[in-house]
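Architecture and fold: a report
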Amino acid sequence: MQPQLISLPVLRDRYGFIGVVEGQEALPFEVRRFYFIGDVAPGATRGSHAHRTLRQLIIALSGSFVVDLDDGNSVEEFALDTPHVGLLVPPGYWRTLRDFAPNTVVGVLASHEYDESDYIRSYRDFVEWARAR
Ligand code: TYD
């Protein structure tokens, strides 16, 4: 699985919209957790870690931000600024979320419950792990 932006179906009427992520065609993993991030301090970054096995779909539910995905060799940049698109993040990518617009809310669908042992929090350890993979 490569990192990729996927379109999320959106049902719109004159009262607003409903975005849907549903079924196995929409996501290449089963969702075991949903979490959301908000009230990000101006200039702050989040993330700065990798996951050994976790798969995620990251959505800008409101506002905008940039996600840098680093596989240990190169960095790819994804701008998220609409809830109609999600970023699929496979395991093994060092991710940094940055450049948050005010009042941004990030939604994350994840393949597993929170597990600290799945995190790699040192960049040096990540590069070593990625090389040995
Ligand atoms: P972390 O994933 O490092 O946040 P970010 O990448 O957004 O900077 O998590 C920050 C803290 O929150 C960490 O101590 C663990 C806790 N946490 C949970 O308890 N459950 C969760 O589902 C998540 C994502 C984090």
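Along the protein, the regular secondary structure elements total two helices and twelve strands. Counted from the first residue to the last, the protein has its helices and strands arranged as β-β-β-α-β-β-β-β-β-β-β-β-β-α. Here the C-alpha atoms of the protein give a radius of gyration of 15 Å, agreeing with the 14 Å that 2.2 N^0.38 yields for 133 residues. Taking all 133 residues of the protein together, 38% fall into the buried category. Expressed as a percentage of contacts within the protein between residues at least 6 apart in sequence, the contacts between residues at least 24 apart total 77%. Entry remark: accessible area of the protein is about 8,000 Å², with carbon and sulfur atoms responsible for 48%. A gap of 2 Å separates the mean positions of the 13 positive and 18 negative side-chain charges of the protein.

Here we come to the side chain of His49. Tracing the backbone shows His49 in strand β5 (residues 46-51). Within polar-contact distance, the side chain of His49 engages the backbone oxygen of Gly47 at 3.2 Å. A polar atom in the side chain of His49 sits 3.3 Å from the side chain of His51. Non-local contacts of His49, meaning those with residues more than four positions away in its chain, are made with Tyr93, Trp94, Arg95, Tyr119, Ile120 and Arg121.

A separate point is the layout of surface pockets. One number sums up the size of the largest pocket: a volume of about 200 Å³. Surrounding the largest pocket, Tyr35, Ile37, Arg46, Gly47, His49, Gln56, Ile58, Arg95, Leu97, Val108, Tyr119 and Arg121 form its lining. Ranked by residues supplied to the lining of the largest pocket, first place goes to β5 with three residues. Residue composition of the lining of the largest pocket, by class: six nonpolar, three polar and three charged.

Enumeration over the complete set of coordinates arrives at five salt bridges. Of the charged contacts in the structure, one is a salt bridge between Asp68 and Arg98, with a shortest N-O distance of 2.7 Å. Note that Asp68 is positioned in strand β7 (residues 65-70) and Arg98 in strand β10 (residues 94-98), a separation of 30 residues in sequence. Given a relative accessible area of 15%, Asp68 falls into the buried group.

About the criteria used
- Residues numbered from 1 in each chain as written.
- Predicted model: local features only at pLDDT ≥ 70, side-chain atom pairs only at ≥ 80, totals over all residues.
- Heavy atoms only, no water.
- Helix = DSSP H or I, 4+ residues; strand = E, 2+ residues; numbered from the N terminus.
- Rg over C-alpha atoms; globule rule 2.2 N^0.38 Å.
- Buried < 20%, exposed > 50% of the residue type's maximum accessible area, 1.4 Å probe, protein only.
- Contact = heavy atoms within 4.5 Å.
- Areas by Shrake-Rupley, 256 points an atom, 1.4 Å probe, with all protein chains shown as cover.
- Lys, Arg positive; Asp, Glu negative; His and termini not counted.
- Charge placed at Lys NZ, Arg CZ, Asp CG, Glu CD.
- Polar contact = N/O pair within 3.5 Å; in protein donor to acceptor, adjacent residues only side chain to side chain.
- 1 Å grid on protein atoms, 1.4 Å probe; cavity = no way out; pocket = protein on both sides within 12 Å on 5 of 7 lines; lining within 4 Å.
- Points joined across faces, edges and corners; volume = space filled by probe spheres on them.
- Nonpolar A, V, L, I, M, F, W, Y, C, P; charged D, E, K, R; others polar.
- Salt bridge = Lys/Arg side-chain N within 4 Å of Asp/Glu carboxyl O.

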